[in-house]
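Spelled out, the chains give:
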Amino acid sequence: MLLQEAGEATGRIGAPVADALIAAYRFLRRVEHRLQMIDDQQTHSLPADDAGIAHLARFLGYDDPAAFRAELLGHLQRVS
């Protein structure tokens, strides 16, 4: 993968970090696309209420909104 190869070649990041960043990017882009599909508009804001999060989680294929929240927070923490 290009990010992984570039990071390793320059010695700035190792393969595990590159893999985590790539996974987070893919996950977050997928969430962003689903958010935009829900209201058919450009947005980057998560729903403010539990019902909205549950709807988004189902749209992303999660049976349990808590599992979606956990994965989302995990990716956000790794990226930050």
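Residues numbered from 1 in each chain as written. Predicted model: local features only at pLDDT ≥ 70, side-chain atom pairs only at ≥ 80, totals over all residues. Heavy atoms only, no water.

Describing the packing of helix H3 (residues 50-59) against helix H4 (residues 65-79)
- Interaxial distance between H3 and H4 falls to 9 Å at its minimum, and their mutual angle equals 85°. The pairing of H3 with H4 is recorded here as roughly perpendicular in orientation. For the pair formed by H3 and H4, the contact residues are Asp-50, Ile-53, Ala-54, Leu-56 and Ala-57 on the first element and Pro-65, Phe-68 and Arg-69 on the second.
- Grouping the constituent residues of the contact of H3 with H4 by class yields six nonpolar, no polar and two charged. (Axes fitted to C-alpha atoms, helices over the stretch in contact; angles between N-to-C directions. Helix = DSSP H or I, 4+ residues; strand = E, 2+ residues; numbered from the N terminus. Parallel < 35°, antiparallel > 145°, perpendicular 65-115°, else oblique. Contact = heavy atoms within 4.5 Å. Nonpolar A, V, L, I, M, F, W, Y, C, P; charged D, E, K, R; others polar.)

Looking at the packing of helix H2 (residues 15-39) against H4
- The N-to-C vectors of H2 and H4 enclose an angle of 130°; their axes lie 9 Å apart at closest approach. The angle between the axes of H2 and H4 places the two elements in the oblique class. When you trace H2 past H4, the crossing you get is left-handed. Counting all contacts with H2, which are made through Ala-20, Leu-21, Ala-23, Ala-24, Phe-27, Leu-28 and Val-31, the residues of H4 involved are Phe-68, Glu-71, Leu-72, His-75, Leu-76, Arg-78 and Val-79.
- Tallied by class, residues from the contact of H2 with H4 come to eleven nonpolar, one polar and two charged. (Left-handed = near helix turned anticlockwise from the far one by under 90°.)

Examining H3
- When H3 is considered as a whole, its buried residues turn out to be Gly-52, Ile-53, Ala-54, Leu-56 and Ala-57.
- The inward-facing, buried residues of H3 abut H2 and H4.
- Phi turns positive one or two residues past the end of H3, at Gly-61, with a value near 95°. (Buried < 20%, exposed > 50% of the residue type's maximum accessible area, 1.4 Å probe, protein only.)

Describing the pattern of salt bridges
- Inspection of the entire model under this criterion finds two salt bridges.
- Here Glu-32 ties to Arg-29 by a salt bridge, and the two come within 2.8 Å at their closest N and O atoms. Taken as a pair, Glu-32 and Arg-29 lie in helix H2 at a separation of three residues, close to a single helical turn.
- Judged by its relative accessible area of 33%, Arg-29 is partly exposed.
- Residues Arg-69 and Asp-50 are paired through a salt bridge, measuring 2.7 Å at the closest nitrogen-oxygen approach. With Arg-69 in helix H4 and Asp-50 in helix H3, this residue pair connects regions lying 19 residues apart in the sequence. (Salt bridge = Lys/Arg side-chain N within 4 Å of Asp/Glu carboxyl O.)

By themselves these figures say nothing about function.
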